[in-house]
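# Topology and contacts: notes
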Amino acid sequence: MMALPRPGQIAVKNIGPFDLGRLARLHRGCFEDGWSRSDIAHLLSLPGSFGLIARCYERGLSAIDGLRGVGFAICRVVRDESELLSIGVLQPWRQRGVAGTLLEAAMARAHAAGAETMFLEVAVDNVPAQTLYEMHRFQRVGTRLDYYHRPDGRKISAYTMKASLYEPRSTVTSD
Ligand SMILES: CC(C)(COP(=O)(O)OP(=O)(O)OC[C@H]1O[C@@H](n2cnc3c(N)ncnc32)[C@H](O)[C@@H]1OP(=O)(O)O)[C@@H](O)C(=O)NCCC(=O)NCCS
């Protein structure tokens, strides 16, 4: 039996094969150059890859109808290292702790799979994401010049950030 989040609560679930379309829609809703369903299917087929979806319960709707997929995280674990490949939350649901909940769940799952560290890249002008990562124990360890190519043709550098995966707090639900 699926455990439904209570109104206002954030629940995180593992992505299954039936979630690929939903995940692609969420990615497109968060990034100008969103990934396609087949891009995501390919990423998740790589050994050690996993995806998470955050769902919130909207007040005023019945239990099942009220569940909304509002954010996602995609990661990969290779031996004792992991990488956060992408994370995003739909605009109306931002700054309510959804990404923080997803990030902690991803760190816990990567740790359970044997990873001792997690790496990520973040654009140098993406201050909200940098603040999020710093709040969750990530530190800058390098800079990659012209790492991202924006849809308008601009190139933008990225910081590499790293966190140790100690004392993770898991929030993944069982369904
Ligand atoms: C970055 C992103 C994932 C944050 O999602 P979120 O659900 O709003 O994040 P949270 O609510 O968990 O925020 C956690 C902390 O991050 C920081 N933060 C988040 N959004 C912020 C903003 N717009 N400005 C400043 N700090 C911000 C805050 O410190 C926040 O904690 P607080 O609300 O207690 O102050 C979201 O803005 C997003 O999807 N952006 C577009 C996609 C993207 O840039 N992904 C990251 C690519 S590397």
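Look a little higher up for the structure.
Let me sum up the structure you'll find in this document. (Residues numbered from 1 in each chain as written. Predicted model: local features only at pLDDT ≥ 70, side-chain atom pairs only at ≥ 80, totals over all residues. Heavy atoms only, no water.)

### Observations concerning the overall build of the protein
Within the protein, the secondary structure is distributed over four helices and seven strands. The secondary structure elements of the protein, listed N-terminal to C-terminal, are β-α-α-β-β-β-α-β-α-β-β. For the protein, buried positions account for 42% of its 175 residues. For the protein, long-range pairs separated by at least 24 residues make up 64% of all intrachain contacts whose partners lie at least 6 apart in sequence. Split by element, the accessible area of the protein, about 9,700 Å² in all, is 50% carbon and sulfur. (Helix = DSSP H or I, 4+ residues; strand = E, 2+ residues; numbered from the N terminus. Buried < 20%, exposed > 50% of the residue type's maximum accessible area, 1.4 Å probe, protein only. Contact = heavy atoms within 4.5 Å. Areas by Shrake-Rupley, 256 points an atom, 1.4 Å probe, with all protein chains shown as cover.)

### So, the sheet that holds strand 4 (residues 81–89)
Here we have seven strands laid out as an open sheet, ordered 1-2-3-4-5-7-6, and mixed in their pairing. With one partner strand each, in any of the chains shown, strand 1 (10–14) and strand 6 (139–149) form the two edges of the open sheet. Adjacent strand axes in the sheet meet at a mean angle of 25°, parallel and antiparallel pairs treated alike. Strands strand 4, strand 5 (117–123), strand 6 and strand 7 (155–164) of the sheet are contacted by helix 4 (residues 127–135), whose axis makes an angle of about 160° with strand 5. (Pairing = 2+ DSSP bridges. Axes fitted to C-alpha atoms, helices over the stretch in contact; angles between N-to-C directions.)

### A few points about the side chain of His136
Residue placement: His136 occurs in the loop between helix 4 and strand 6. When its relative accessible area of 11% is taken as the criterion, His136 is described as buried. Excluding its chain neighbours within four sequence positions, the residues that come into contact with His136 are Gly100, Leu103, Glu104, Met107 and Ala163.

### Observations concerning the site of the ligand
Every one of the 21 residues lining the ligand counts as a neighbour, but Val89, Gln95, Gly97, Gly100 and Asn126 are closest to it. In the model, an oxygen atom of the ligand is placed 2.6 Å from a nitrogen or oxygen of the Gln95 main chain. Contact with the protein chains removes 74% of the 910 Å² of surface that the ligand exposes when unbound. Mapped by element, the contributors of at least two residues to the shell around the ligand are strand 4, helix 3 (98–112), strand 5 and helix 4. Ranked by residue count, the leading element in the shell around the ligand is helix 4, at six residues. Of the residues in the shell around the ligand, the class split is 12 nonpolar, six polar and three charged. (Near = heavy atom within 4 Å. Polar contact = N/O pair within 3.5 Å; in protein donor to acceptor, adjacent residues only side chain to side chain. Nonpolar A, V, L, I, M, F, W, Y, C, P; charged D, E, K, R; others polar.)

### A look at the nonpolar core
Core analysis: the largest hydrophobic core is formed by 33 residues, its most contacted members being Leu84, Ile87, Leu102, Leu103, Met118, Tyr133 and Phe138. Looking at this core, the elements with two or more residues in it are strand 2 (49–57), strand 3 (67–78), strand 4, helix 3, strand 5, helix 4 and strand 7. Here this core gets eight residues from one element, more than from any other, and that element is helix 3. Counting residues in each nonpolar core, the second largest holds 10 residues, with Leu20, Leu23, Ala24 and Ile40 among its members. (Core = buried A, V, L, I, M, F, W, Y, C linked by side-chain atoms within 4.5 Å.)

### Here's the deal with helix 4
At 3.6 residues per turn, the α-helix brings residues three or four places apart onto the same side. Every buried residue of helix 4 is listed here: Ala129, Gln130, Leu132 and Tyr133. The arc enclosing the buried residues of helix 4, seen along the axis, measures out at 160°, which places them on a common side. With respect to the buried face of helix 4, the exposed residues turned more than 90 degrees away are Pro128 and Met135. Contact partners of the buried residues in helix 4: strand 4, helix 3, strand 5, strand 6 and strand 7. Looking one or two places after helix 4, you find Arg137, whose phi comes out positive at around 75°. (Arc of directions from axis to C-beta.)

### Comments concerning the pairing of strand 4
The pairing of strand 3 with strand 4 spans eight bridges and is antiparallel. Across the sheet, Ala73 pairs through a bridge with Ile87, a residue of strand 4. Between strand 3 and strand 4, which pair antiparallel and follow one another directly, the connecting turn spans two residues, one of which, Arg79, has a positive phi of 55°. Here three bridges tie strand 4 to strand 5, and the two strands are oriented parallel to one another. Counted as the bridge partner of Ser82 is Met118 from strand 5.

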